[in-house]
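Here is what each chain is made of, one letter per residue.
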Amino acid sequence: MSITLISKEGAQFLVSKPVADRIGVVRDCAYGADFWLGYAVATDDSMGITLANVTSSILSKILVWCEHYKDMEPLVDGDSNMEFPEWDMAYIGHDMNQILFVLEAADYLHIPGLLLLACKGIADVLDGRNPRGICDLLGIVMDFSHRQEVDMDKENGYWRWFLHPT
Amino acid sequence: SAQKRGRKRKCPTPSSDLPEAQQATRPKKRKLTRVIKWLEETPTDIMLEIMFYMKPIDILNLSYTSKSIRASLAAPEAKHIWVQARMNVPGLPPLPPDMSEWVYAAFVFQELCQVCYLLCKSQDWN
């Protein structure tokens with residue numbers, strides 16, 4: 001049995017059952033009733049499931065991950081020092097906007113493994129950046145008053161380096 | 001001396017007449033600015049999950065980005081974030097009792113001289 005997923009733009013993606021099982025929302029839509037009621041709601045394959053908050057490019061990227069993990073179990077919970085597989089880190093990349101879109105979509109679609117991977121990706125991108133770099137990356141507006149800047153300067157002198165990096 | 005023109009606006013109750021406690025609680029005027037509150041807009045569980053993988057220096061850098069993030073990370077409720085961040089660095093000595101998490105992270109991880117407050121690239125612990 002295969003399921004048709006419809007993205008925000010209306011593009012259709014045909015996925016098989018093991019791939020669709022990785023997406024929590026789709027699994028509940030298509031097979032959840034099978035478990036609880038004894039019969040499947042989505043018996044008509046041509047109907048499709050509309051995912052209104054996910055664009056085509058992000059959905060195709062997410063389906064690559066689901067395709068890769070259709071046979072094996074992804075990392076869902078564990079130690080923070082545990083390394084993700086190399087394929088995962090290459091998949092998530094270092095593009096912040098892309099990772100944020102994947103994170104948002106993974107939260108919406110209930111994919112815990114991909115959510116953790118996206119969080120790890122963001123933490124890796126933020127690793128080793130100074131405050132101004134983080135602000136540029138995430139679009140944060142600095143709203144410290146002059147008094148607070150002086151306080152922070154007194155605290156550990158970090159602000160001085162931040163304003164005049166040598 | 002130039003004489004002031006116009007009628008001087010009178011304060012209905014002079015501040016000197018008010019009791020001290022009331023003076024302290026009088027709200028101050030603040031400039032309203034629109035701020036993108038990234039931390040507030042992101043769900044808390046996702047934010048905690050991101051910080052779960054971060055090192056103390058990254059959380060310290062994050063706290064220098066905006067007021068709201070700084071207030072959230074400096075709060076006593078955020079101690080578990082710092083504790084988890086310390087656990088992400090293998091072999092780090094435990095927190096000394098006379099230092100706060102904030103100061104400890106700055107002391108150990110900032111490449112900054114504690115005497116002249118200048119950036120030092122090389123750290124010679126010996």
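Residues numbered from 1 in each chain as written. Chains lettered and ligands numbered in written order. Predicted model: local features only at pLDDT ≥ 70, side-chain atom pairs only at ≥ 80, totals over all residues. Heavy atoms only, no water.

1. A look at the overall build of chain A
Thinking step 1. Along its length, chain A carries nine helices and three strands.
Thinking step 2. Starting at the N terminus and walking to the C terminus, you meet the elements of chain A as β-β-α-α-β-α-α-α-α-α-α-α.
Thinking step 3. When burial is assessed residue by residue, chain A has 43% of its 166 residues classed as buried.
Thinking step 4. Of the contacts formed within chain A by residues at least 6 apart in sequence, a portion of 58% connects residues at least 24 apart. (Helix = DSSP H or I, 4+ residues; strand = E, 2+ residues; numbered from the N terminus. Buried < 20%, exposed > 50% of the residue type's maximum accessible area, 1.4 Å probe, protein only. Contact = heavy atoms within 4.5 Å.)

2. Quick look at the state of the cysteines
Thinking step 1. In this structure the tally under the stated criterion is zero disulfides over all chains.
Thinking step 2. The thiol of cysteine 135 of chain A is unpaired, and the distance to the nearest cysteine sulfur, on cysteine 119 of chain A, comes to 20 Å. (Disulfide = S-S within 2.5 Å.)

3. Let's talk about the side chain of serine 66 of chain B
Thinking step 1. Considering the arrangement of structural elements, one finds serine 66 of chain B in the loop between α4 (56-63) and α5 (67-74).
Thinking step 2. For serine 66 of chain B, a relative accessible area of 2% translates into the label buried.
Thinking step 3. A polar contact of 3.3 Å, which involves the side chain of serine 66 of chain B, links it to the side chain of serine 68 of chain B.
Thinking step 4. Residues within four places of serine 66 of chain B in sequence aside, it is in contact with Ile140, Val141, Asp143 and Phe144 of chain A. (Polar contact = N/O pair within 3.5 Å; in protein donor to acceptor, adjacent residues only side chain to side chain.)

4. A closer look at the environment of threonine 4 of chain A
Residues and elements named next belong to chain A.
Thinking step 1. Tracing the sequence through the fold places threonine 4 in strand β1 (residues 2-6).
Thinking step 2. In this structure threonine 4 comes out as buried when scored by relative accessible area, which is 10%.
Thinking step 3. Expressed as a C-alpha distance, the spacing of threonine 4 and proline 74, which sit 70 residues apart in the sequence, is 23 Å.

5. Regarding the packing of aromatic side chains
All names here are of chain A.
Thinking step 1. All chains considered together, the criterion is met by six aromatic pairs over all chains.
Thinking step 2. Between tyrosine 69 and tryptophan 87, the aromatic rings sit 6.4 Å apart at their centres with planes inclined by 80°, giving edge-to-face as the arrangement. Highlighted residues: tyrosine 69 in the loop between α3 (56-68) and α4 (86-92) and tryptophan 87 in helix α4, separated in sequence by 18 residues.
Thinking step 3. Using a relative accessible area of 31% as the deciding quantity, one classes tryptophan 87 as partly exposed. (Phe/Tyr/Trp six-rings, centres within 6.5 Å; stacked < 30°, edge-to-face > 60°.)

6. Concerning the sheet that holds strand β3 (residues 49-50) of chain A
Residues and elements named next belong to chain A.
Thinking step 1. Taken in spatial order, the three strands make up an open sheet running β2-β1-β3, and their pairing is mixed. The sheet is open, and its two edges are formed by β2 (12-16) and β3, each paired on a single side.
Thinking step 2. Of the pairings in the sheet, the one linking β1 to β3 comprises two bridges and is parallel in character. When the bridges of β3 are listed, leucine 5 appears paired with isoleucine 49.
Thinking step 3. Of the strands in this sheet, β1 and β2 touch α3, which is tilted by about 15° from β2. (Pairing = 2+ DSSP bridges. Axes fitted to C-alpha atoms, helices over the stretch in contact; angles between N-to-C directions.)

7. Thoughts on the pairing of β1 of chain A
Consecutive side chains along a regular strand alternate between the two faces of the sheet.
Residue and element names in this part refer to chain A.
Thinking step 1. Burial analysis of β1 places four of its five residues in the buried class, the great majority of the element.
Thinking step 2. Sheet topology note: the β1/β2 ladder contains five bridges and is antiparallel. Within β2, the position partnered with isoleucine 6 by the bridge is glutamine 12.
Thinking step 3. What sits between β1 and β2 in their antiparallel hairpin is a turn of five residues, with glycine 10 showing a positive phi close to 100°.

8. Comments concerning the environment of asparagine 97 of chain A
Thinking step 1. Within the secondary structure, asparagine 97 of chain A sits in helix α5 (residues 96-109).
Thinking step 2. Sequence separation between asparagine 97 of chain A and arginine 27 of chain A is 70 residues, and the spatial gap between their C-alpha atoms is 27 Å.

9. Points about unusual backbone geometry
Residue and element names in this part refer to chain A.
Thinking step 1. Look at histidine 110: it is not a glycine, yet its phi comes out positive at around 60°.
Thinking step 2. Along the chain, histidine 110 falls in the loop between α5 and α6 (112-126).
Thinking step 3. On the accessibility criterion, histidine 110 (48% relative accessible area) is partly exposed.

10. Quick look at the confidence of the model for chain B
Residues and elements named next belong to chain B.
Thinking step 1. The share of residues in chain B with pLDDT of 70 or more is 56%, and the mean pLDDT across the chain is 74.
Thinking step 2. For chain B, per-element mean pLDDT is lowest for helix α1 (residues 20-25), which scores 57, and highest for helix α6 (residues 79-87), which scores 92.
Thinking step 3. For the stretch residues 30-36, pLDDT sits under 50, and the model shows five contacts to residues farther than four places along the chain or on other chains.
Thinking step 4. For this predicted complex, the interface confidence score (ipTM) comes to 0.77, while the overall pTM stands at 0.75. (pLDDT = per-residue confidence, 0-100.)

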